[in-house]
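The primary structure of each chain is shown beneath.
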Amino acid sequence: MNELLKNLTEAVGVSGDEKEVRLLIRDLIAKHVDEWHVDTMGNLIALKKGTGASDLCVLVDAHMDEVGLMVVDYDSNGTLKFEGVGGFDNRALLGKPVQVGPKKLAGVIGARPIHLLKASQRNSVVKMDAMRIDIGAKDKDAAKSKVKVGDRAAFVTEYEEIGPTAIGKAFDNRAGCAALVELLQAEPYPFDLYATFTVQEEVGLRGAEVVAYGIKPDAAFILESTPAYDMPTKDDVSPNVALGKGPSIYVMDRGTIQDPRLVSFITKTAVAHNIPFQIRQPGGGGTNTSAIQRTGSGIPAATIAVPGRYAHTPAMMINLDDYANVVKLAETVLRNLTPDTVKRNA
Amino acid sequence: MNELIKKLTEAYGPSGFEDGMRDLIRPEIEPYVDEISVDAMGNLIAVKKGDGSGLKVMLAAHMDEIGVMVSHVTKEGFLRFTNIGGVYPHTLMGGRVQFANGTIGVVHSDRLTDRGKIHPLNKFFIDVGATSREDCPVGVGDAAGFVRPFIAQGSRLTAKSMDDRIGCVVAIEAMKKLASTPHDVYCVFSVQEEVGTRGAMVSANGISPDVGIALDVTGVGDVPEARPMDVSLGKGAAIKVKDAGMIAHVGLVKVMKQRAEEANIPYQLEVLEGGSTDARSIQISNAGSAAGCISIPCRYVHSPSETVDARDVEASINLLVEILSKPIAL
């Protein structure tokens, strides 16, 4: 059982309320780094000093937050109205258990049972504003005494491993966080390595927008979990990425064209060290890379991700070999990175 | 000048993949500036020093062009692709694209069941002559630009990527003609404009200019059933007043008009309803700057046959030289 992934995914950290995850990560890395601090937004920033062999400064980022819900009002029957924090497909919500507020009260996103659905209702999607979280409160006052407006609600999924596959919530992006923790627990790198565990990615890369300003690194690597859609299809189309085929390397998404020099360095490193990889299908999506790349006068940046099925739903699935290979690839890339890869000869 | 336009417009350089463009432009500009550098994202920054009495002026002409990127190779060796920047499906059928390794592809679409309707982008494919995934010379993540020869017919000049190689030409020619200037002029050949003015954003953060002037193309209203717009080919440099992303600095617009009138340079005022330029990023970078744009009127923007008029190009060069030669009172 991978305890790191278990602890990180079972912790709760809906965007804007990442404290539990931050404290957990802080305790995991504190004795492996030289300095750490928490900035105004709540980003955890750690410095692992290098051996002095290289004068580069490199940043590696993973966002701590996960998508979730926020309580916005009470109904007279004691149920809770809510809004999404981050992006959801409404179809993934009905009937799912949730944990509400700092006390992690058990609740469920209520659904009308199939017995009572009219034929027309069976074919339509219930909108989020018509859904309620039921915490078993008998009326509005009972609900108010237990839950405050603004409290977050998160999914409840126990981490499990089945063969090479892991099931859990929030692999997006605790898989990236776990990989970054492992990178920090390893031996020092030739250069100073800044690790940033960022907040509020799921609501618009808000932590990442400020995190690189003070650091001004020569290069940045962003560790993510990217949605895999690799179910069988009858047409000849690519899965964007597939489970079990290795770390996914970004080239272009909606927000970023990755630095081509870094992309080429990552793929060459993977080939040279026999680490499998897949190019993530270019097109939509976005990561902290766009905010970090365009900080100040610009930072060469690239993204390495663990493919994950069913992102932004209560239960995700990753392949543990993919995860291990992301850690291996990222570490190999860092240990072999030289100034001529990222510095321009004027 | 047509030789330079031909050289720059026919070259490969989709957004994010501008290395070759930078290598082409650098020797053209280097003799006319005091310093030259490349920043982290790949912007080429050429600096001509002033006499110390003027402002810090940033010019931006973007090197990148729209293009496509392979997203899937079918087992028969055809390429599905996604867009880099604003690529319109109706401009693609029967066109050709070129990859960084020189591979040329023909663009076509799945069978049209209704000829009055064009497919969306995901129903188009590129044929590079491959017969399988294994013998396909390009793969997922490879970028391509369009292919089309430059032509000069009378004063009309047609090419792919006039947007914005013609802006690069205006910058180069103006720096050639600029004998002396009170200003420190930072002539930036920017990257990744077509995907959201990303290069100009970071170069402006690094430079912190007082004044920012983008050199880019703009739309026109002088073709059949065009959206009404008071800009025409051959009527002079367009001084931008407003586009969808920026309201130009009022004082700078006034200076531009005044210089054009003093020097008898034909100009037109531009209000562009859709689209924007690097000036938008420069205006709001760091603590902000006075930003504007000299636009070269262009027909058929974001098609393989973007068309400008040589007289407007001349006027744009001359206007830029006039602005840079004299004090800029905002």
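Residues numbered from 1 in each chain as written. Chains lettered and ligands numbered in written order. Predicted model: local features only at pLDDT ≥ 70, side-chain atom pairs only at ≥ 80, totals over all residues.

**Overview of the overall build of chain B**
1) Next: A tally of regular secondary structure across chain B gives seven helices and 17 strands.
2) Next: Taking 2.2 N^0.38 as the reference for a compact globule, 330 residues should give roughly 20 Å; the C-alpha atoms of chain B span a radius of gyration of 20 Å, in line with that estimate.
3) Next: C-alpha atoms of chain B, sized along the principal axes, occupy 65 × 45 × 35 Å.
4) Next: Across the 330 residues of chain B, 52% fall into the buried class.
5) Next: Restricting the contact set of chain B to residue pairs at least 6 apart, pairs at least 24 apart contribute 76%. (Helix = DSSP H or I, 4+ residues; strand = E, 2+ residues; numbered from the N terminus. Rg over C-alpha atoms; globule rule 2.2 N^0.38 Å. Buried ≥ 20, exposed ≤ 12 C-beta atoms within 10 Å, placed from the backbone. Contact = placed C-beta atoms within 7 Å.)

**Considering the environment of Val-126 of chain A**
Residues and elements named next belong to chain A.
1) Next: Assignment of secondary structure puts Val-126 in the loop between α3 (119-122) and β8 (133-134).
2) Next: Placed 159 residues apart in sequence, Val-126 and Gly-285 show a C-alpha to C-alpha distance of 25 Å.
3) Next: In this structure, Val-126 is in contact with Asn-90, Leu-94 and Met-131, ignoring residues within four places of it in sequence.

**Thoughts on the interface of chain B and chain A**
1) Next: Contacts between the two partners involve 23 residues from chain B and, on the opposite side, 19 residues from chain A.
2) Next: Taken together, the elements giving at least two residues each to the side of chain B that touches chain A come down to β1 (35-38), β4 (67-73) and α4 (198-207) of chain B.

**Points about the pairing of strand β14 (residues 237-242) of chain B**
All names here are of chain B.
1) Next: Pairing between β14 and strand β15 (residues 267-271): five bridges, direction parallel. Bridging from a neighbouring strand, Ile-239 pairs with Leu-269 of β15.
2) Next: Considered for its hand, the β-α-β crossover made up of β14, helix α5 (residues 250-262) and β15 is right-handed.
3) Next: Here β14 pairs with strand β16 (residues 290-297) via two bridges, running antiparallel. (Pairing = 2+ DSSP bridges. Right-handed = clockwise from strand over helix to strand, strands pointing away.)

**A closer look at the domain arrangement of chain A**
Residue and element names in this part refer to chain A.
1) Next: Entries for chain A in the domain assignment read domain 1 (3-66 + 169-342) and domain 2 (68-155).
2) Next: A straight line from the C-alpha centre of domain 1 to that of domain 2 covers 32 Å.
3) Next: Across the side of domain 1 that touches domain 2, the residue classes break down as four nonpolar, four polar and four charged. (Domains from an automatic or database assignment. Nonpolar A, V, L, I, M, F, W, Y, C, P; charged D, E, K, R; others polar.)

**Notes on the sheet that holds strand β11 (residues 156-159) of chain B**
Residue and element names in this part refer to chain B.
1) Next: Pairing is antiparallel across the open sheet formed by three strands, whose spatial order is β10-β11-β17. Looking at the sheet topology across the chains shown, the edges are occupied by β10 (151-153) and β17 (306-309). The mean angle between the axes of side-by-side strands here comes to 20°, regardless of whether they run parallel or antiparallel.
2) Next: Across four bridges, the pairing between β11 and β17 is antiparallel. Bridge pairing in β17 places Arg-156 opposite Asp-309. (Axes fitted to C-alpha atoms, helices over the stretch in contact; angles between N-to-C directions.)

**Notes on the packing of α5 of chain B against helix α7 (residues 310-325) of chain B**
Residues and elements named next belong to chain B.
1) Next: In contact at an axis separation of 9 Å, α5 and α7 are set at 110° when each is read in the N-to-C sense. Considered as vectors, α5 and α7 are oriented roughly perpendicular to each other. Remark: the crossing between α5 and α7 carries right-handed chirality. Where α5 abuts α7, its residues Val-255, Met-256, Arg-259 and Ala-260 lie against Leu-319, Glu-322 and Ile-323.
2) Next: When its residues are assigned to classes, the contact of α5 with α7 shows five nonpolar, no polar and two charged. (Parallel < 35°, antiparallel > 145°, perpendicular 65-115°, else oblique. Left-handed = near helix turned anticlockwise from the far one by under 90°.)

**Some remarks on the nonpolar core**
1) Next: Formed by 195 residues in total, the largest nonpolar core has its most connected members in Ala-179, Leu-180 and Ala-330 of chain A together with Leu-59 and Val-170 of chain B.
2) Next: Those residues in contact with Leu-180 of chain A, other than ones at most four positions away along the chain, are Val-60, Ala-62, Ala-195, Phe-197 and Leu-223 of chain A. (Core = buried A, V, L, I, M, F, W, Y, C linked by C-beta atoms within 7 Å.)

**Notes on unusual backbone geometry**
When glycine is set aside, most residues are seen to have a negative phi, and most peptide bonds are trans.
1) Next: Cis geometry is found at the peptide bond from Asp-172 of chain A to Asn-173 of chain A, where omega equals 15°.
2) Next: Put simply, Asp-163 of chain B and Asp-164 of chain B share a cis peptide bond, and its omega is 5°.
3) Next: One can find Asp-164 of chain B in helix α3 (residues 162-177).
4) Next: Phi at Lys-216 of chain A takes a positive value of approximately 45°, unusual for a residue other than glycine.
5) Next: When you line up the elements, Lys-216 of chain A lands in the loop between α6 (206-211) and β13 (219-228).
6) Next: Notably, Tyr-310 of chain A is not glycine yet its phi reads approximately 65°, a positive angle.

**Concerning the sheet that holds strand β13 (residues 211-218) of chain B**
Residues and elements named next belong to chain B.
1) Next: Here we have eight strands laid out as an open sheet, ordered β1-β2-β12-β3-β13-β16-β14-β15, and mixed in their pairing. The open sheet has two edge strands, β1 and β15, and neither has a second partner. Mean inter-strand twist for the sheet, computed between neighbouring axes without regard to direction, equals 25°.
2) Next: Packing against the sheet, α3 makes contact with β2 (44-48), β3 (56-62), β12 (184-190), β13 and β16, and its axis sits at approximately 130° to β13.
3) Next: The strands touched by α5 within the sheet are β13, β14, β15 and β16, with β16 carrying the most contacts at an inclination of about 45°.

**Overview of the domain arrangement of chain B**
All names here are of chain B.
1) Next: The domain architecture assigned to chain B consists of domain 1 (2-65 + 160-325) and domain 2 (67-146).
2) Next: The centre of domain 1, based on its C-alpha atoms, is set 31 Å off from the matching centre of domain 2.
3) Next: Listed as interface residues are 13 residues of domain 1 and, on the opposing side, 13 residues of domain 2.
4) Next: Classifying every residue of the side of domain 1 that touches domain 2 gives five nonpolar, five polar and three charged.

**Digging into α4 of chain B**
All names here are of chain B.
1) Next: By the criterion of burial, α4 is predominantly enclosed, with nine of the 10 residues buried.
2) Next: Restricting attention to buried positions, one finds in α4 the residues Arg-198, Gly-199, Ala-200, Met-201, Val-202, Ser-203, Ala-204, Gly-206 and Ile-207.
3) Next: Its buried side turned inward, α4 meets β2, β3, β12, β13 and α6 (278-283).
4) Next: Ser-208 sits one or two positions beyond α4 and adopts a positive phi of about 50°.

**Looking at the environment of Gly-245 of chain B**
All names here are of chain B.
1) Next: Note that Gly-245 resides in the loop between β14 and α5.
2) Next: Under the C-beta neighbour-count criterion, Gly-245 is labelled partly exposed, with 18 such atoms within 10 Å.
3) Next: Between the C-alpha atoms of Gly-245 and Arg-280, which are 35 residues apart in sequence, the distance is 5.9 Å.
4) Next: If sequence neighbours within four positions are ignored, Gly-245 has contacts with Ser-276 and Arg-280.

**Topic: the environment of Glu-76 of chain B**
Residues and elements named next belong to chain B.
1) Next: On the secondary structure map, Glu-76 appears in the loop between β4 and β5 (79-84).
2) Next: For Glu-76, a count of 13 C-beta atoms within 10 Å gives the class partly exposed.
3) Next: The spacing of Glu-76 and Arg-133 is 57 residues in sequence and 6.5 Å in space, taken between C-alpha atoms.

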